[in-house]
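The residues making up each chain are set out below.
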Amino acid sequence: MSVEKNNDWQKLIESAQQGYNNAYAPYSKFHVGAAAITEQGTIVKGCNVENASYGLTVCAERNCIAQAVIQGQQTFSAMVVYTEQEKLTPPCGACRQVIAEFFAPEAEVMAVNHLDNRKTWTVAQLLPDAFTPKNLLEQ
Ligand SMILES: O=c1ccn([C@H]2C[C@H](O)[C@@H](CO)O2)c(=O)[nH]1
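Residues numbered from 1 in each chain as written. Predicted model: local features only at pLDDT ≥ 70, side-chain atom pairs only at ≥ 80, totals over all residues.

## Thoughts on the overall build of the protein chain
Link 1 in the chain: Helix and strand content of the protein chain: 5 helices and 5 strands.
Link 2 in the chain: Sequence-ordered secondary structure for the protein chain, helices as α and strands as β, is α-β-β-α-β-α-β-β-α-α.
Link 3 in the chain: The principal-axis extents of the C-alpha atoms in the protein chain amount to approximately 45 × 40 × 30 Å.
Link 4 in the chain: Taken over 139 residues, the protein chain has a buried fraction of 35%.
Link 5 in the chain: The contacts of the protein chain with a sequence gap of at least 6 include a subset with a gap of at least 24, amounting to 57%. (Helix = DSSP H or I, 4+ residues; strand = E, 2+ residues; numbered from the N terminus. Buried ≥ 20, exposed ≤ 12 C-beta atoms within 10 Å, placed from the backbone. Contact = placed C-beta atoms within 7 Å.)

Given below as structure tokens:
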């Protein structure tokens, strides 16, 4: 993240909390919010959206990224995942793959909760040796 790092993290956490408030999770009751900042400095929000079929559930992180893509932005600097669980929530495997599509390996992802416990990973730590668009370009 570029300017005023701590300030940007704080804004991202607040946006992720707002996303959390809109979570649709009647089946698992596990509400998740996410927020990401794009390279242009736009903050986008996401929440998990479950489905009666269960399998069609989409996580907060992927909905957040899709929201930015819909707005025409495809490069991100950082993401926050917010829950109100004592144990922090790291992105699931499917979300790690989608994050690796749009974030640089050095970009940071932070899990945070209502107690302000925080854990930060780089995208490379979340998904080492990721299969990304670069692999396809080398053909
Ligand atoms: O990183 C995560 C992990 C889980 N979930 C959602 C999916 C499902 O709705 C609920 C329980 O897995 O939490 C997310 O949104 N993000």
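## Considering the UniProt feature "binding site: substrate" (unreviewed entry) in the protein chain
Link 1 in the chain: In this structure's numbering, the residues bearing the UniProt feature "binding site: substrate" (unreviewed entry) are Asn48, Val49, Glu50, Asn51, Ala52, Ser53 and Tyr54.
Link 2 in the chain: Looking at the element boundaries, Ala52 is found in the loop between strand 2 (43-47) and helix 2 (60-70).
Link 3 in the chain: For Ala52, a count of 8 C-beta atoms within 10 Å corresponds to the exposed category.
Link 4 in the chain: Counting through the fold element by element, Tyr54 comes out in the loop between strand 2 and helix 2. (UniProt positions renumbered as here; feature names shortened; annotations may be inferred.)

## Describing helix 3 (residues 93-102)
Link 1 in the chain: The complete set of buried residues in helix 3 reads Cys95, Ile99, Ala100 and Phe102. For helix 3, the angular spread of buried residues about the axis comes to 170 degrees, placing them on one side. Among the exposed residues of helix 3, those pointing more than 90 degrees away from its buried face are Gly93 and Ala94.
Link 2 in the chain: In this fold, the buried residues of helix 3 make contact with helix 2, strand 3 (76-83), strand 4 (103-113) and helix 4 (123-126). (Arc of directions from axis to C-beta.)

## Comments concerning the nonpolar core
When a protein is soluble and globular, its nonpolar side chains tend to lie buried together.
Link 1 in the chain: Residues Ala34, Ala36, Phe76, Met79, Val80, Val81 and Ile99 are the most contacted members of the largest nonpolar core, which totals 34 residues.
Link 2 in the chain: If you tally residues by element for this core, the top one is strand 3, at 6 residues.
Link 3 in the chain: Beyond its immediate sequence surroundings of up to four residues, Ala34 is in contact with Ala16, Gly19, Gly46, Ala60, Glu61, Cys64, Met79, Val80 and Val81. (Core = buried A, V, L, I, M, F, W, Y, C linked by C-beta atoms within 7 Å.)

## Some details on the packing of helix 2 against helix 3
Link 1 in the chain: The N-to-C vectors of helix 2 and helix 3 enclose an angle of 25 degrees; their axes lie 9 Å apart at closest approach. The angle between the axes of helix 2 and helix 3 places the two elements in the roughly parallel class. In the crossing of helix 2 with helix 3, the sense of the turn from one axis to the other is left-handed. Mapping the contact onto sequence places Glu61, Arg62 and Ile65 in helix 2 and Cys95, Val98, Ile99 and Phe102 in helix 3. (Axes fitted to C-alpha atoms, helices over the stretch in contact; angles between N-to-C directions. Parallel < 35°, antiparallel > 145°, perpendicular 65-115°, else oblique. Left-handed = near helix turned anticlockwise from the far one by under 90°.)

## A word on the sheet that holds strand 2
Link 1 in the chain: Spatially, 2-1-3-4-5 is the arrangement adopted by the 5 strands of the open sheet, whose pairing is mixed. Of all the strands in the sheet, the pair left with one neighbour each is strand 2 and strand 5 (118-122). Strand-to-strand twist across the sheet, computed as the mean angle between neighbouring axes with direction ignored, equals 15 degrees.
Link 2 in the chain: Relative to strand 5, strand 4 is paired through 5 bridges, and the arrangement is antiparallel. (Pairing = 2+ DSSP bridges.)

## Some details on helix 2
Link 1 in the chain: Considered for burial, the residues of helix 2 that qualify are Ala60, Glu61, Arg62, Asn63, Cys64, Ile65 and Ala68.
Link 2 in the chain: Buried residues along helix 2 sit in contact with helix 1 (5-21), strand 1 (33-38), strand 2, strand 3 and helix 3.
Link 3 in the chain: At the C-terminal side of helix 2, Gly72 shows a positive phi close to 90 degrees.

## A word on the confidence of the model for the protein chain
Link 1 in the chain: With 96% of its residues at a pLDDT of at least 70, the protein chain reaches an overall mean of 95.
Link 2 in the chain: Predicted complex metrics record ipTM = 0.99 and pTM = 0.95. (pLDDT = per-residue confidence, 0-100.)

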